[in-house]
Amino acid sequence: MLLQDKQIAIIGGGPGGLTLARLLQLKGAMVKVYERDLNKDARVQGTTLDLHKESGLEALLQAGLLDEFKKTYRPGADKMIIVNENAEVFFSDHEGKPGTDFDSEHFRPEIDRGPLRNLLLESLHADTVVWDSQFLAMYKQGDGWLLQFKNGTNAYADIVIGADGGNSKIRPYITSIKPFYSGISGVLGSVYETEVKIPLIHELLKGGKIMAFGGGKSFIVSSKGDGSLAFYFSGRVDEIQLKNVNFTDRGEVIPWFKNDFDNWAGVWVDVLENAEMPLMPIPIYSMPLDQVWEALPNVTLLGDAAHLMPPFAGEGVNMAMLDALELCKCLFNDHFSDVQTAIASYESQMRKKAAAAAKESLENGEWMHGVGSLEKMLAFFGGAH
Ligand SMILES: Cc1cc2nc3c(=O)[nH]c(=O)nc-3n(C[C@H](O)[C@H](O)[C@H](O)COP(=O)(O)OP(=O)(O)OC[C@H]3O[C@@H](n4cnc5c(N)ncnc54)[C@H](O)[C@@H]3O)c2cc1C
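Since this is a predicted model, take the numbers as computed values, not measurements.

Some words on the UniProt feature "binding site: NADPH" (unreviewed entry) in the chain
Moving on, step 1. Per the UniProt annotation, the sites labelled "binding site: NADPH" (unreviewed entry) are Arg43.
Moving on, step 2. Following the sequence through the fold, Arg43 ends up in the loop between β2 (30–34) and β3 (49–50).
Moving on, step 3. Arg43 has contacts with Ser190, Tyr192 and Glu276, leaving out every residue within four places of it along the chain.

So, the nonpolar core
Across soluble globular proteins, nonpolar side chains show a tendency to be buried alongside one another.
Moving on, step 1. Among the nonpolar cores identified, the biggest contains 75 residues, and Ile10, Leu24, Phe69 and Leu147 are the most heavily contacted of them.
Moving on, step 2. For this core, the leading source of residues is helix α10 (residues 316–331), giving ten residues.
Moving on, step 3. Apart from residues lying up to four places away in sequence, Ile10 is in contact with Gly17, Leu20, Ala21, Leu24, Val31, Lys32, Val33, Tyr34, Ile161 and Ala163.
Moving on, step 4. Counting residues in hydrophobic clusters, the runner-up holds 33 residues, among them Val83, Leu204, Leu229 and Phe247.

Thoughts on the site of the ligand
Moving on, step 1. Residues in close proximity to the ligand total 34 residues, the closest being Glu35, Arg113, Phe135, Asp304 and Val317.
Moving on, step 2. Between the ligand and Pro15, the relevant distance is 3.4 Å, taken from an oxygen atom to a main-chain nitrogen or oxygen of the residue.
Moving on, step 3. A distance of 3.1 Å is found between an oxygen atom of the ligand and a backbone nitrogen or oxygen belonging to Gly314.
Moving on, step 4. In isolation the ligand exposes 1000 Å². Once the protein is present, 86% of that is buried.
Moving on, step 5. Contributions of two or more residues to the shell around the ligand are made by α1 (15–26), β3, α4 (113–122) and α10.
Moving on, step 6. It is α10 that provides the largest number of residues to the shell around the ligand, a total of four residues.
Moving on, step 7. Of the residues that make up the shell around the ligand, three or more belong to each of domain 1 (7–44 + 113–178 + 287–368) and domain 2 (182–282).

Here's the deal with the pairing of strand β5 (residues 89–92)
Moving on, step 1. When strand β4 (residues 80–83) meets β5, the two strands line up antiparallel, connected through three bridges. Opposite Ile81, over in β5, you have Ser92 as the bridge partner.
Moving on, step 2. In sequence, β4 turns back onto β5 through a hairpin of five residues, with Ala87 there showing a positive phi of about 65°.

Brief notes about the environment of Gly214
Moving on, step 1. Considering the arrangement of structural elements, one finds Gly214 in strand β13 (residues 209–214).
Moving on, step 2. With relative accessibility at 7%, the residue Gly214 sits in the buried group.
Moving on, step 3. Separated by 160 residues in the primary sequence, Gly214 and Leu374 have C-alpha atoms spaced 6.5 Å apart.
Moving on, step 4. Ignoring any residue separated from it by four or fewer positions in sequence, one finds Gly214 in contact with Glu85, Trp264 and Ser373.

The rules behind each value
Residues numbered from 1 in each chain as written. Predicted model: local features only at pLDDT ≥ 70, side-chain atom pairs only at ≥ 80, totals over all residues. Heavy atoms only, no water. UniProt positions renumbered as here; feature names shortened; annotations may be inferred. Helix = DSSP H or I, 4+ residues; strand = E, 2+ residues; numbered from the N terminus. Contact = heavy atoms within 4.5 Å. Core = buried A, V, L, I, M, F, W, Y, C linked by side-chain atoms within 4.5 Å. Buried < 20%, exposed > 50% of the residue type's maximum accessible area, 1.4 Å probe, protein only. Near = heavy atom within 4 Å. Polar contact = N/O pair within 3.5 Å; in protein donor to acceptor, adjacent residues only side chain to side chain. Areas by Shrake-Rupley, 256 points an atom, 1.4 Å probe, with all protein chains shown as cover. Domains from an automatic or database assignment. Pairing = 2+ DSSP bridges.

Quick look at the structure:
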C-alpha cells in the first residue's frame, strides 16, 4: 500500500480538505488537518452551496455521508426568482420546479457552509483537525516535511496536501503560476433576522435565492437555515471600484453603493443598512486554464488552492470535493508504483476537469456582467416571463 506508515498533513479544513480527510480515514490512512480557524465554532460565512450529482454528492456518497447530508440539506433552498434592479420579478421556479430527486443530475440540493463543515467534521476521528494552525512554511526533513505554524508549533508529515484555498501557501512549493484578475469584483455580506429587519427581501426569498441583474451588475441573495441571508453583489472593475472604500464603515459603504449602483432601488440599500459589518470586498481571481506543473514526490493541491475560479458556475466546492475523491482513489490505487506517480495521475485529470469548469465560470461571469444580462439569464432558465 502506497500510504503504509505515512503521515499525511492536509493544510486547510474547508470542504475539500475535510472530505479528503474523511475518505482517507475510511481507508485507514494516518491523517491530520491543520486549520487556521481558532476552533470549530468559528463562523463560516458565505452564500449557500449547491452540490452536484457527479461531483460533490458523489464524494459524499463515497464518504458514506449521503444519508447524513439528506438530513442536513435545505429542501427548497435551490428555488429562486430572477429580478431586475427594481426587484420586479421576471422568473420564479417556486411553483414549477421538480422537488427532491437525488437520482436526477438536475437536482442540486443546497446546504449552508456551516452545516456542511459540521457534517464533515463530525465524521472524522477525534483530534483529526488541529485548530489554530495557520501554516507559514515547510522545510525538508528526511523524506518528508517539517511544517511550521503561526502559533509557534511544528509538525512532521510524509505527504502534504494543500487544501488551503485560493490564497494557498502550499501552492508556491509546487508551482510559480499565479491567479489572474477576472476583471470582476464583488462584495460579500450577511444580514441576520431577515424576517424582522428586511421583510420585503425575506418575502421575495421564500427560503430560496434572489438573482438580480441590471446595468451590467448583479446582486445575489441566498437565504440560510438560521433565518439569516448571505448576499454578494458584483460588477466589472470599470463599473464598481473597491479601492478607497472602507468596508468596516456603513457610512462610507452606502453612499458608495448608491453611486456605483445608481439605478438600483432602495430595497438593495436596505440590505446594506442591515448588514453585519464589515463587508468583505472580493476581487474575483482565477487560475489560468492551461496551467501545468511537474508532479512532486509528496506534495499536491486540491480545490481552490489548485484551481481557484470565479463563483459564477457554482462549481468551486463541487470541484474541491471531487478532487478529494479522485486523489484518494489514486493514493489507494496499487497500480501506481509510488506516491509521485499517483499524484501525477491525479493532477493531470484534476487540471483538465477544473479547466473546463473554470472556463464556464469565466464565460458566465462575462455575460452576467455585460449588456442584456437579465435577458440572457432569463433565456438560460427557459425564458419564462
Ligand atoms: C462569493 C462566493 C460565492 C461562491 N458560491 C459558490 C457556489 O454557489 N457554489 C460553489 O460550488 N462554489 C462557490 N464558491 C466557491 C467555493 O466557496 C470554493 O470553491 C470552495 O469553498 C473551495 O473549497 P476549498 O476546500 O478548496 O477551499 P476553502 O473553502 O477556501 O477552504 C480553505 C480552508 O483553508 C483554511 N486556510 C487558509 N489558509 C490557511 C493556512 N495558511 N493554514 C491553515 N489553514 C488555512 C481556511 O480557513 C479554510 O478553512 C463561491 C465563492 C465565493 C467567494
